[in-house]
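Chain residues, written in single-letter form:
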There are 4 protein chains.
Amino acid sequence: MTAPAPKKVVLAYSGGLDTSIILKWLQTEYGCEVVTFTADLGQGEELEPARKKAELLGIKSENIHIEDLREEFVRDFVFPMFRANALYEGLYLLGTSIARPLIAKRLAEIAAETGADAVAHGATGKGNDQVRFELGVAALNPALKVIAPWRLWDLTSRTKLLEFAEANQIPIAKDKRGEAPFSVDANLLHTSSEGKVLENPAEEAPAYVYQRTVDPEAAPDRAELVEIGFERGDAVSINGERMSPATILTRLNEIGGRHGVGRLDLVENRFVGMKSRGVYETPGGTILLEAHRGIEQITLDAGAGHLKDSIMPRYAELIYNGFWFSPEREMLQALIDKSQEHVTGTVRVKLYKGSVRTVARWSDQSLYSEKHVTFEEDAGAYDQKDAEGFIRLNALRLRLVAVRNARTKG
Amino acid sequence: MTAPAPKKVVLAYSGGLDTSIILKWLQTEYGCEVVTFTADLGQGEELEPARKKAELLGIKSENIHIEDLREEFVRDFVFPMFRANALYEGLYLLGTSIARPLIAKRLAEIAAETGADAVAHGATGKGNDQVRFELGVAALNPALKVIAPWRLWDLTSRTKLLEFAEANQIPIAKDKRGEAPFSVDANLLHTSSEGKVLENPAEEAPAYVYQRTVDPEAAPDRAELVEIGFERGDAVSINGERMSPATILTRLNEIGGRHGVGRLDLVENRFVGMKSRGVYETPGGTILLEAHRGIEQITLDAGAGHLKDSIMPRYAELIYNGFWFSPEREMLQALIDKSQEHVTGTVRVKLYKGSVRTVARWSDQSLYSEKHVTFEEDAGAYDQKDAEGFIRLNALRLRLVAVRNARTKG
Amino acid sequence: MTAPAPKKVVLAYSGGLDTSIILKWLQTEYGCEVVTFTADLGQGEELEPARKKAELLGIKSENIHIEDLREEFVRDFVFPMFRANALYEGLYLLGTSIARPLIAKRLAEIAAETGADAVAHGATGKGNDQVRFELGVAALNPALKVIAPWRLWDLTSRTKLLEFAEANQIPIAKDKRGEAPFSVDANLLHTSSEGKVLENPAEEAPAYVYQRTVDPEAAPDRAELVEIGFERGDAVSINGERMSPATILTRLNEIGGRHGVGRLDLVENRFVGMKSRGVYETPGGTILLEAHRGIEQITLDAGAGHLKDSIMPRYAELIYNGFWFSPEREMLQALIDKSQEHVTGTVRVKLYKGSVRTVARWSDQSLYSEKHVTFEEDAGAYDQKDAEGFIRLNALRLRLVAVRNARTKG
Amino acid sequence: MTAPAPKKVVLAYSGGLDTSIILKWLQTEYGCEVVTFTADLGQGEELEPARKKAELLGIKSENIHIEDLREEFVRDFVFPMFRANALYEGLYLLGTSIARPLIAKRLAEIAAETGADAVAHGATGKGNDQVRFELGVAALNPALKVIAPWRLWDLTSRTKLLEFAEANQIPIAKDKRGEAPFSVDANLLHTSSEGKVLENPAEEAPAYVYQRTVDPEAAPDRAELVEIGFERGDAVSINGERMSPATILTRLNEIGGRHGVGRLDLVENRFVGMKSRGVYETPGGTILLEAHRGIEQITLDAGAGHLKDSIMPRYAELIYNGFWFSPEREMLQALIDKSQEHVTGTVRVKLYKGSVRTVARWSDQSLYSEKHVTFEEDAGAYDQKDAEGFIRLNALRLRLVAVRNARTKG
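Residues numbered from 1 in each chain as written. Chains lettered and ligands numbered in written order. Predicted model: local features only at pLDDT ≥ 70, side-chain atom pairs only at ≥ 80, totals over all residues. Heavy atoms only, no water.

Per an unreviewed UniProt entry, chain A carries the name Argininosuccinate synthase and comes from Rubellimicrobium mesophilum DSM 19309. You can read under Subcellular location (unreviewed entry) in the UniProt record for chain A the words "Cytoplasm". Taken from UniProt, the Catalytic activity (unreviewed entry) comment for chain A reads in full: "L-citrulline + L-aspartate + ATP = 2-(N(omega)-L-arginino)succinate + AMP + diphosphate + H(+)". (UniProt positions renumbered as here; feature names shortened; annotations may be inferred.)

Written as structure tokens, this is what we have:
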């Protein structure tokens, strides 16, 4: 593709060394105007330094966009996903995957607002994030060009990057001189670490990789009980106190983090075809998944629950692969949301040294009927003789198969 | 159904009070010959007392069948199921469900061997086990009658049962005089508890319910590492020592049990239409599931893994509902087994106060390619520029949708 | 179940001999008040004779409910189902299955309006219709009793039925004296025939079984083109003329019927466990399915279409089994309806001697891009070089598998 | 990718103008040795002219591979696929898709035999075939390079191609001077046509596009009955005469072709992201699908059939997208093949002016039980009272939902 050079580019800008280099590279490579976009998704970093750094690199102040997206992130992305109990490959809570569509959305929107003809991101050509950003942008603003410098430039080693930075007066924090021992992504849902010291899946991850959760062995010796209230599938309160979505997740992260909850060491399949090893810390999300399953247990009908479970792997795969803004994800979301109309009630979970377990749940919307299930006299709620016909008709086809097989073997 | 009375009945006989009453009831109700079948599935009880008790109730010694089925149980039922990473409703490891088909199989086989025309079991009309027994028998020996006394007799209260027992000289253990505070099923895979004190899902299960695992808070203060070896999807060794299937599960139960691993408090949907609350302890199985996922992470292709995940809920539901001996379970098993041909290698898990986590895994069959995934120079293993075309073609349809939607909105 | 006798029963009443006998039997068996409900679903019979007959059997005129439900039937049941391209077991258009929930709904509603405590139907204990009626009633008005005389009474032969009719002064049409050579169900969507002369699936159905379609060999020698307009997945016009849902289906039945379209000779699996052979005639529905697929071809995104296709068998099975009013059918409907937002446009089909084929389709909502697909110069719409990266990354995991397999075989 | 030039290339060579140009281009572009591979897959063309032409272009005779693969094609590719009743997007019988893996397999094998380091094909960069060839080759011989000249060269117009041909003494058949009005692919399963005059899906395909089937309006005025015998899911005989797989398909093509059976005009979704319009003629395959469904109707259990149906769309998509040689296709095949063990028997179909319908079927392996289904007295085979319990337990959860919903609305 030798497309014409972009004139104005919206860059997903963290303020860090890498995206600062990209910023400069865009300016020098294309001579284009750069608009920076820096979002607070709960990654736990100050954003104002990013503004300063952008200014230092010559970005006009009207071109610097800094936004607190935490509530939107949790309300419109994290919570809808948790309604599905989504787990990628059985274990991964999709903490990075679910943040990318929101960034793509804001990149596309800011491009429209500022008249930019391109967006740029700092994801490499080996990972999933490039796909997530670019599919999102394509779905939302199909005319935009996307520039992925890591797939384009010749700054293919740390040394070359640092040389470029120095040659272009980009300040380099002292701790960035040496290489980081692994790569980190963080937001309100999780912290992920991968690469370098983690690249051999046969070796246990070093303790210093974990940043958001205490080692379970260092967690409090006493278990903690937490009650989470749900309405229509979304968490709305902790221990009876009503809170906004982002506040709930923040609070659950604190609670889970101090109990060492939500650590995961995983080898997963990237969309681009290779396996990769990641270490994830999702303290609040892990609690939320457990509690959401807990409340569904009493409020969701069996047919509804089994249908949800059967489409979940596909839903999770779509999010992982970057298809949040696709017709099929929206169709699955419609199905999932429909199921959540009565998923309202409270769950009590117990946190202890790395684990979280549902221990009690109650709801006005409960479908649990003690009257039916009881071992005691049930006053006619359930006629045990019904089971005979139920079993006999379920067995009929198996019986016919058995008779046929016996007949045709002889 | 006013079928003719059975002449010879094979009874699934535990030696306990309830099945002893059933034994007597069959004799008196039908005047039929009773064959007892008592199996060691790892429930942790001596079997010889069952023989004594059967003799005492007048069963001829050639009609008393006592069998150690532990190896068959783990090899032909538990392990095939674990190849699928089966979880019912996201959480339940199917410990009871997977034992029932084996009992049904032996009931049907012993009936054929002894010329019996019926089998009998002690499951109630409210639960899943009646379905599992009877579907199994129907599939294996469709001509057999099944007698389920709990759906037939009028011994509908504890008092009546005890009266029947006394009237028929059935010895009653002292601790059976009062009612048990909950009902228990156990085998090599798990112990389940339900009913009575557990019937209110809003109340935490009392500590005394748990029988097979220590309270995580009472577990050792030091984590334990365990290495599990797999071949073609099945566990074959622990810490380098090769063992039989039943020995492996026994050993993992001991290890998991002392670390408080595998407790689950669940409200689940029974096949017969009601919700029920159970407390499960599956120490070895919980370790096995985690480790099996761990070894699949490096040895299973993404396409294979995602397909397996997508059919797993259906597979688990079939087992839960009692369809082990159905054409569709066998079809799914063929699919699953096909996937396991290279699932060979070793996983190291860490056990600590209720949790088990994979921390390392390695295999000659590994598909993990450090060369491809590395953040370092990859010597051309992967061309980052390929990602551009990959993304562009994946985005094409999304782009066409976006253009269409924009066009038709205007 | 020896439930107390019903006091007031709403009977699904056709006016025919069988339901007249049921009416009388309810009166004599329970001494209860009977409310009759007779619906026009397009079965092609006058309803007024049913009123006369009910009056003759002593039903008070305020207890006789006769309703034209054709528009509701097509709009709220047939069309939503056709949005899914539903086919049971690959072939059956569900003509009977989709009518039953509407009857169940009106039975439940009339029971509520009239203060009845039970409903009754004339379906036998071997078929699917009993399940469909009773699941529908249970879901809509769970307190209602359901009376299914065919499962209860001892009128188990034709002779006994006629004796009962004569003894109770129920008029018997002359042609009902002998037994019908097969059983028929009809509504606006289809006519189904089964039983008796059709019971041997190895014998071709006699020509006289077909009632709604001409023999293809007797159809016009000239093909006919028909254009069907769709909006959001539903047919709204024929040959440019806008019509109501029921009118469209009526018109398509006429057109299809004279071309011999929509005959199906099927052995299917009933929910109650046995196989059954049916002959179906669905002229309008067969055209509608073909045309709906035709319009989806150009307006539905690949991801959306493939997702729909993958859940269709489950959706069809739910309808066949009687679960229209279930949470999971409603969830699937939400998914399907979401997909239809842009399924708007026109399809031209060609009808000829038993077949219907899409030959052209066009739409303002089309996603078809001649610019992209053309064999001619495409002016840069599509860069063929993108395909290389696309293929290489799709191939990567296959390549890694091949290398692994080669390595571990050696 | 600036990979080193290939030394020896196996070319999928048809003998036509396009692949002759490719042959020459490979020689001139890379100076490499070219091995030609020409297969008879039933496309209905003589192969010897391809040999002559290859010789003329300087290929040594030991480098010319001409093979009759018809039996392998039908036995190992077409028949396994038909066991699944595979239809892509509800309608397409995958005639082109299923031939590509076999060509890829032979390319990879001949490359191994002849020590070639690359393969080449004549598929364009817009279609599915490039993907199918290249995924197949990657899965079978991952070290091979693949050369796709249409994605590489600058011969982007008809004029340039002809100039290249003339400049290189490639003979041009007179009828190839002008451009063909559409593009054709043919093999024993189907003939597909696309492009040029077919590019507007709103215009009916011209009559001259169809090559393998007569116009239904020109087909015989009398219907024809054909009996097809199956064993374990594969067709083995026609009208009682046993034949090899390829012979059966050839014969069914003749029969279907003269009755105008198997025409399809479709807009489909290509894997590379665009929609495309194709006209397919699959006379024998259309008969085979209908008949296979017919025999499954009586020999396949409901659970098995419904499972097969539910995974079919995914299976078809995998084949369409080129993943025949993938772990997940092999897993699905294992599932499908397992289901076919008893799919043995005979089906009678009726062919008439474009349509084919099953009218009778019989089998020693039949599961159809007239005894159970009959409207007549069934001598106790089925107890209608069983249906009551069956329905009541299926209804229980719906009832509990209804009670809950009523309660929480108030």
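Moving on, there is more to tell.
Asks: Talk me through the relation of the copies chain A and chain B; I want residue IDs and the actual numbers.
Replies: Rotating chain A by 180° and translating it 0.0 Å along the rotation axis places it on chain B, where the RMSD comes to 0.0 Å. Here the two chains are linked by the operation of a two-fold rotation axis. Counting the interface residues of chain A, we find that 100% of their copies in chain B are interface residues as well, pointing to one common contact surface. (Least-squares fit on C-alpha atoms with pLDDT ≥ 70 in both. Contact = heavy atoms within 4.5 Å.)

Asks: Go over the interface of chain C and chain B, please, and point to the residues and values.
Replies: At the interface, 27 residues of chain C touch 27 residues of chain B. Between chain C and chain B the total buried area reaches about 2500 Å² when both faces are included, carbon and sulfur atoms providing 58% of it. Its largest share of buried area at the contact with chain B, chain C owes to Asp386, Leu393 and Arg404 of chain C, together 23% of the area lost on that side. At the surface where chain C touches chain B, the tally comes to four salt bridges. Of the charged contacts in the structure, one is a salt bridge between Arg397 of chain C and Asp301 of chain B, with a shortest N-O distance of 2.7 Å. At the level of elements, helix H10 (302-321) and helix H13 (386-409) of chain C are the ones that each hand at least two residues to the side of chain C that touches chain B. Tallying contributions element by element places H13 of chain C first for the side of chain C that touches chain B, with 15 residues. In terms of residue class, the side of chain C that touches chain B is made up of nine nonpolar, 11 polar and seven charged. (Buried area = accessible area lost by both parts, 1.4 Å probe. Salt bridge = Lys/Arg side-chain N within 4 Å of Asp/Glu carboxyl O. Helix = DSSP H or I, 4+ residues; strand = E, 2+ residues; numbered from the N terminus. Nonpolar A, V, L, I, M, F, W, Y, C, P; charged D, E, K, R; others polar.)

Asks: Tell me about helix H11 (residues 327-339) of chain D, and please be specific about residues and values.
Replies: Between its first and last C-alpha atoms H11 of chain D spans 19 Å; for 13 residues at 1.5 Å apiece the expected length is 18 Å, and the two agree. Among all positions in H11 of chain D, only Pro327, Glu328, Arg329, Met331, Leu332, Gln333, Ala334, Leu335, Ile336 and Ser339 of chain D are buried. At its buried positions, H11 of chain D is contacted by helix H10 (302-321) and helix H11 (327-339) of chain B, H13 of chain C together with helix H3 (70-83) and helix H10 (302-321) of chain D. (Expected span 1.5 Å × (residues − 1). Buried < 20%, exposed > 50% of the residue type's maximum accessible area, 1.4 Å probe, protein only.)

Asks: Tell me about the interface of chain A and chain B, and name the residues and values.
Replies: Contacts between chain A and chain B engage 103 residues on the former and 103 residues on the latter. In total, chain A and chain B occlude about 9100 Å² of area from one another, counting both sides; carbon and sulfur atoms represent 55% of this. Here chain A and chain B share six salt bridges between them. Where Asp265 of chain B meets Arg361 of chain A, a salt bridge forms, and the shortest distance between an N and an O atom there is 2.9 Å.

Asks: Give a detailed account of the UniProt feature "binding site: L-aspartate" (unreviewed entry) in chain A, specifying residues and quantitative values.
Replies: All names here are of chain A. Listed under "binding site: L-aspartate" (unreviewed entry) in the UniProt record, and renumbered for this structure, are Thr124, Asn128 and Asp129. Mapped onto the secondary structure, Asn128 falls in the loop between strand S4 (118-120) and helix H5 (129-140). The class of Asn128 is buried, set by a relative accessible area of 8%. Among residues more than four places away in sequence, those in contact with Asn128 are Glu268, Arg270, Phe271, Val272 and Tyr320. For Asp129, the position within the fold is in helix H5. Residue class for Asp129 comes out buried when judged on its relative accessible area of 18%. Contacts of Asp129, omitting those with residues within four sequence positions, involve Thr96, Arg100 and Ala123.

Asks: With reference to specific residues and values, describe the packing of aromatic side chains.
Replies: Enumeration according to the criterion identifies 46 aromatic pairs over all chains in this entry. Note on Tyr92 of chain C and Tyr280 of chain C: the rings are 4.2 Å apart at their centroids and 20° apart in plane angle, and the pair reads as stacked. One end of the pair, Tyr92 of chain C, is in the loop between helix H3 (70-82) and helix H4 (100-114); the other, Tyr280 of chain C, is in strand S12 (residues 275-281), and 188 residues separate them in sequence. Both residues of the pair, Tyr92 of chain C and Tyr280 of chain C, belong to the buried class. Ring geometry for Trp25 of chain D and Tyr30 of chain D: centres 5.7 Å apart, planes at 85°, overall edge-to-face. Among the aromatic side chains, those forming a connected cluster through ring pairs are Phe271 and Phe323 of chain A, Phe390 of chain B, Phe390 of chain C together with Phe271 and Phe323 of chain D. Its guanidinium or amino end placed over the ring of Trp324 of chain A, Arg329 of chain A lies 3.5 Å from that ring's centre, counting from NZ or CZ. (Phe/Tyr/Trp six-rings, centres within 6.5 Å; stacked < 30°, edge-to-face > 60°. Lys NZ or Arg CZ within 6 Å of the ring centre and 35° of its normal.)

Asks: How would you sum up the relation of the copies chain C and chain B? Please name residues and give values.
Replies: Mapping chain C onto chain B calls for a screw motion: a turn of 180° about the axis and a shift of 0.0 Å along it, with 0.0 Å RMSD after fitting. Both copies present the same face, since 100% of the interface residues in chain C are matched by interface residues at the equivalent positions in chain B.

Asks: Describe the sheet that holds strand S11 (residues 263-269) of chain C, listing the residues and the values that go with them.
Replies: Residue and element names in this part refer to chain C. As summarised here, the arrangement of the four strands in space is S6-S7-S12-S11, forming an open sheet in which the pairing is antiparallel. Looking at the sheet topology across the chains shown, the edges are occupied by strand S6 (183-186) and S11. Each strand of the sheet is rotated relative to its neighbour by a mean of 25°, with strand direction disregarded. Pairing analysis gives four bridges linking strand S7 (residues 191-194) to S12, with the strands arranged antiparallel. Each residue of the ladder has a partner; that of Glu194, found in S12, is Gly278. (Pairing = 2+ DSSP bridges. Axes fitted to C-alpha atoms, helices over the stretch in contact; angles between N-to-C directions.)

Asks: Break down the side chain of Glu296 of chain D for me, citing the residues and quoting the values.
Replies: As for its placement among the helices and strands, Glu296 of chain D is situated in helix H9 (residues 283-299). Ignoring sequence-local partners within four residues, the contact set of Glu296 of chain D consists of Lys275 of chain C together with Arg83, Asn85, Lys308, Gln340 and Val343 of chain D.

Asks: Lay out the domain arrangement of chain A with the relevant residues and their values.
Replies: Put simply, an interface is often sized by how much accessible area is lost when its parts join up. With domains assigned, chain A is organised as domain 1 (8-69 + 96-168), domain 2 (183-300 + 342-362) and domain 3 (372-409). With centres defined by C-alpha atoms, the gap from domain 2 of chain A to domain 3 of chain A works out at 42 Å. (Domains from an automatic or database assignment.)

Asks: Quick rundown of the sheet that holds strand S13 (residues 345-352) of chain C? Include the residues and the values.
Replies: Residue and element names in this part refer to chain C. With respect to topology, five strands assemble into an open sheet ordered S10-S9-S8-S13-S14, the strand pairing being antiparallel. Only two strands of the sheet have a single partner each, and these edge strands are strand S10 (241-242) and strand S14 (355-362). Sheet analysis places S13 next to S14, joined by seven bridges and oriented antiparallel. Across the sheet, the residue bridging to Leu351 is Val356, located in S14. Sheet strands touched by helix H8 (residues 245-258): strand S8 (224-231), strand S9 (234-238), S10 and S13. Its angle to S9, the strand with the most contacts, is close to 70°.

Asks: Which residues make up unusual backbone geometry, and what values do they have?
Replies: A positive phi angle, close to 55°, is found at Gln169 of chain B, a residue other than glycine. Turning to its location among the elements, Gln169 of chain B is positioned in the loop between helix H7 (158-167) and strand S6 (183-186). Take Gln169 of chain B: its relative accessible area is 66%, and that puts it in the exposed class. A positive phi angle is found at Asn85 of chain D, which is not glycine, with a value near 55°. Looking at the element boundaries, Asn85 of chain D is found in the loop between H3 and helix H4 (100-114). Residue classification places Asn85 of chain D among the buried residues on the basis of a relative accessible area of 1%.

Asks: Can you tell me about the environment of Pro80 of chain A, naming the residues and giving the values?
Replies: Turning to its location among the elements, Pro80 of chain A is positioned in helix H3 (residues 70-82). In contact with Pro80 of chain A, not counting residues within four places along its chain, are Val74, Arg75, Tyr315, Trp324 and Gln333 of chain A.

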